[in-house]
Amino acid sequence: MFDFLEGYDVLGAFWMTVKLTALSALGSLVWGTLLAAMRVSPVPLMRGFGTAYVNIVRNIPLTVIIVFTSLGLADIFGMTMGASDDVDALSFRLAVLGLVAYTASFVCEAIRSGINTVPVGQAEAARAIGLSFSQVLSLIVLPQAFRSVIGPLANVLIALTKNTTVAAAIGVAEAALLMKEMIENEAQTLAIGAVFAFGFVVLTLPTGLFLGWLSKRLAVKR
Amino acid sequence: MKLRKVTAASATVLALALTATACGGDDSKDSSSGSGGGKIKIGIKYDQPGLGLKEPDGSFSGFDVDVATYVAKELGYKPDQIEWVETKSADRENALARGDVKFIAATYSINDERKQKVDFAGPYLLAHQDLLVKKDSDITKATDLNGKKLCSVTGSTSAQNIKNDIAPKAQLQQRGGYSECIAGLQSGAVDAVTTDDSILAGFAAQEQYKGQFKLAGLKLSNENYGIGVKKGDSATVDKINTALEKMVSDKAWDKAVQDNFGPADYKNEPAPKIGNIVK
């Protein structure tokens, strides 16, 4: 029944999905944390920028963002991201850029909700012993906040894994693009769809289970 | 407690499976009742200028549309009895199998895999994979493509041909739609766009691009456009074939080609013989 799989590098395509997910997850964790720090910072300008960024970016459809990186940034503004004569590398980097820009806004909100779980007294006490804002945040608040938002961040990660399929729109050779190729050639929509759906379940289900377990173990008991 | 969880889970799975089969049952019932009512449903593309395009005012234009209208007329349906249905590439086989449409005329190349799923009437047009380049471009043969930036649509046969056979060293950029590729060609971000020459001619003939692009005329592959019909419906296939033969013999075919591709300087093949598939 699944003999149509011959001649296609399904594992390779899913490996590309994994690479996209991993790099984008890393990038959006860093950028999202910075955004969260801005949103709780005492500087009004930074708070304003963080709020505006999150509210604008998370309300733009991901497809629009990804296509804009390719048609806008690369085609019109000539951005090359250090890959001027390798189209595949360029699309990959643009896709990661788009995914990071988008996912970071969700990461930021998850972390901000974690910050809200930390009792105000903790920050006040930290300030009272003379720590600066960045010290309060990085030494006292964020470590506790992260432990309480592993669950929500797992959701963001799973959503990100599935969102990588949008990168097919600008030609990144990941799972969704191979699926399109196979449907075009083999005319077996259901069986092919099932194979790729199964692939994504294999990717995301263990992630969810593991991070769910981790969030229970690491949660700060209050 | 554990046992209850397992029972609940399996009940959910069972329920889902039942719902899924129930849907399937409904669909097949629809198909048998769908043929009545004095209307005919025809599948076309909505987004390919020159072949099948939905105009802003809601009307439809293109070569596929003209052919489908002619065939419908021969089957006994006036133009106002036609109900156009959008059938995207990935959904064509299912739309026929479900009976959503009577037949599909949507740049549907006849190939062996598809023949196992649907029956084909025709072919009614022989197209070739080709390149669209800027008017002053120096790309004249396939090997010129190596190292050049080339655009095609994600997952399309044309994109795969380039990657595997024609010019593996070309920088292939895959985009969501041909209009995005054409935009890239206009801005200079890509050097060539590739797909069937009929589709490229349709884009090049559009008002806003007139005179900017040219077809390279390379004939990189043979695409035999057929009319897809539900598997096993040989009566309809025969009727459509008769209609197509008549369309060619009374010159309506030539007029349709001229109307739709004329402005793009498209050198079309002569009308193919029914059942004559060029490999």
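Structure first, text after, so check above.
None of the values given here were measured: they were computed from a predicted structure.

Right, let's get into the overall build of chain B. When you go through chain B residue by residue, the secondary structure sums to 9 helices and 13 strands. By residue count, 46% of the 279 residues in chain B fall in the buried class. Residue pairs in contact within chain B that sit at least 24 positions apart in sequence constitute 70% of those at least 6 positions apart. When the accessible surface of chain B is split by element, carbon and sulfur atoms take 52% of a total near 13,300 Å².

The next thing to look at is empty space enclosed by the protein. Residues and elements named next belong to chain B. Scanning the model with the defined rule gives 1 cavity of 30 Å³ or more in all. Estimated volume of the largest cavity: approximately 40 Å³. As for the largest cavity, its lining consists of Pro123, Tyr124, Leu244, Val248, Trp253, Ala271, Pro272 and Ile274. When grouped by side-chain class, the residues that make up the lining of the largest cavity number 8 nonpolar, no polar and no charged.

Across the boundary between the two partners, chain B contributes 25 residues, which contact 23 residues of chain A. Counting each side, the surface lost to burial between chain B and chain A is near 2,000 Å², with a carbon and sulfur contribution of 45%. The three residues of chain B that bury the most area against chain A are B:Thr154, B:Gln160 and B:Gln171, which together make up 22% of that side's buried surface. Viewed at the interface, chain A and chain B are joined by 3 salt bridges. At the junction of chain B with chain A, the criterion picks out 12 residue pairs in polar contact (both at pLDDT 80 or more). Elements represented by at least two residues in the side of chain B that touches chain A include exactly α3 (92-98), α4 (112-115), α5 (157-166), β10 (171-175) and α6 (178-187) of chain B. The leading source of residues in the side of chain B that touches chain A is β10(B), at 5 residues.

Residue and element names in this part refer to chain B. Applying the stated rule across the entire model yields 16 aromatic pairs over all chains. Pairing Phe63 with Tyr124 gives two aromatic rings, centres 6.1 Å apart and planes at 35°, and the pair type is tilted. Of this pair, Phe63 sits in helix α2 (residues 63-74) while Tyr124 is found in strand β7 (residues 118-127), placing the two residues 61 residues apart along the sequence. For Tyr124, a relative accessible area of 2% puts it in the buried group.

Across its 15 residues, helix α3 (residues 62-76) of chain A extends 19 Å between first and last C-alpha, which sits within 8% of the 21 Å expected from 1.5 Å per residue. Where α3(A) bends most, the angle comes to about 35°, and this point is A:Phe68. For α3(A), the complete set of buried residues consists of A:Leu62, A:Ile65, A:Ile66, A:Val67, A:Thr69, A:Ser70, A:Gly72, A:Leu73, A:Ala74 and A:Asp75. Contacts from the buried residues of α3(A) go to α2 (44-57), α4 (87-117) and α7 (150-163) of chain A together with β10 and α6 of chain B. Positive backbone phi, at 70°, marks A:Gly78, one or two positions downstream of α3(A).

Before going further, it helps to examine the nonpolar core. Judged by nonpolar contacts, the single largest core of 50 residues is most densely connected at B:Phe63, B:Phe103, B:Tyr124, B:Leu132 and B:Ile227. The dominant element in this core, judged by the number of residues it contributes, is α2(B), at 7 residues. Formed by 44 residues, the second largest nonpolar core is a distinct cluster that contains A:Met38, A:Val57, A:Val96 and A:Ala123.

Attention now goes to the sheet that holds strand β11 (residues 192-196) of chain B. Residue and element names in this part refer to chain B. Strand order across the open sheet formed by 5 strands is β10-β9-β11-β8-β12, with mixed pairing between neighbours. Strand pairing shows two members of the sheet lacking a second neighbour, β10 and β12 (213-215), which therefore form its edges. Here the average twist between neighbouring strands, direction ignored, is 30°. Contacts between α6 and the sheet are confined to β8 (129-134), β9 (149-153), β10, β11 and β12, with β11 contributing the most and set at about 150° to the helix.

On to the state of the cysteines. All names here are of chain B. Taken as a whole and assessed by the stated rule, the structure comprises 1 disulfide over all chains. Bridging Cys151 to Cys181, the disulfide has an S-S length of 2.0 Å. Here the disulfide of Cys151 and Cys181 is left-handed, its torsion about the S-S bond being about -70°. One end of the pair, Cys151, is in strand β9; the other, Cys181, is in helix α6, and 30 residues separate them in sequence. Here Cys151 falls in the buried class, since its relative accessible area comes to 0%.

A separate point is the side chain of B:Thr195. All names here are of chain B. Position of Thr195 among the secondary structure elements: in strand β11. Residue Thr195 is classed as buried on the basis of its relative accessible area, which comes to 1%. Of note is the side chain of Thr195, whose polar atom sits 3.5 Å from the side chain of Ser158. In this view, Thr195 contacts His128, Gln129, Asp130, Ser158, Tyr178 and Leu200; residues no more than four positions away in its chain are not counted.

Before going further, it helps to examine helix α9 (residues 252-261) of chain B. Residues and elements named next belong to chain B. Buried within α9 we find Trp253, Ala256, Val257, Asn260 and Phe261. One face of α9 carries all of its buried residues, which in axial projection span an arc of 100°. Set apart from the buried face of α9 by more than 90 degrees, the exposed residues are Lys255 and Gln258. Elements that come into contact with the buried residues of α9 comprise α2, β7, α7 (197-204) and α8 (234-249).

Quick look at the pattern of salt bridges now. Per the stated rule, a full pass over the model turns up 15 salt bridges over all chains. A salt bridge links B:Lys141 to B:Asp144, with the nearest nitrogen and oxygen atoms 3.4 Å apart. Here B:Lys141 falls in the partly exposed class, since its relative accessible area comes to 45%. Because the salt bridges share partners, they merge into one network encompassing A:Arg39, A:Arg58, A:Glu109 and A:Arg112.

Parameters at a glance
Residues numbered from 1 in each chain as written. Chains lettered and ligands numbered in written order. Predicted model: local features only at pLDDT ≥ 70, side-chain atom pairs only at ≥ 80, totals over all residues. Heavy atoms only, no water. Helix = DSSP H or I, 4+ residues; strand = E, 2+ residues; numbered from the N terminus. Buried < 20%, exposed > 50% of the residue type's maximum accessible area, 1.4 Å probe, protein only. Contact = heavy atoms within 4.5 Å. Areas by Shrake-Rupley, 256 points an atom, 1.4 Å probe, with all protein chains shown as cover. 1 Å grid on protein atoms, 1.4 Å probe; cavity = no way out; pocket = protein on both sides within 12 Å on 5 of 7 lines; lining within 4 Å. Points joined across faces, edges and corners; volume = space filled by probe spheres on them. Nonpolar A, V, L, I, M, F, W, Y, C, P; charged D, E, K, R; others polar. Buried area = accessible area lost by both parts, 1.4 Å probe. Salt bridge = Lys/Arg side-chain N within 4 Å of Asp/Glu carboxyl O. Polar contact = N/O pair within 3.5 Å; in protein donor to acceptor, adjacent residues only side chain to side chain. Phe/Tyr/Trp six-rings, centres within 6.5 Å; stacked < 30°, edge-to-face > 60°. Expected span 1.5 Å × (residues − 1). Bend = angle between axes of the 7 residues up to and from the residue. Core = buried A, V, L, I, M, F, W, Y, C linked by side-chain atoms within 4.5 Å. Pairing = 2+ DSSP bridges. Axes fitted to C-alpha atoms, helices over the stretch in contact; angles between N-to-C directions. Disulfide = S-S within 2.5 Å. Arc of directions from axis to C-beta.

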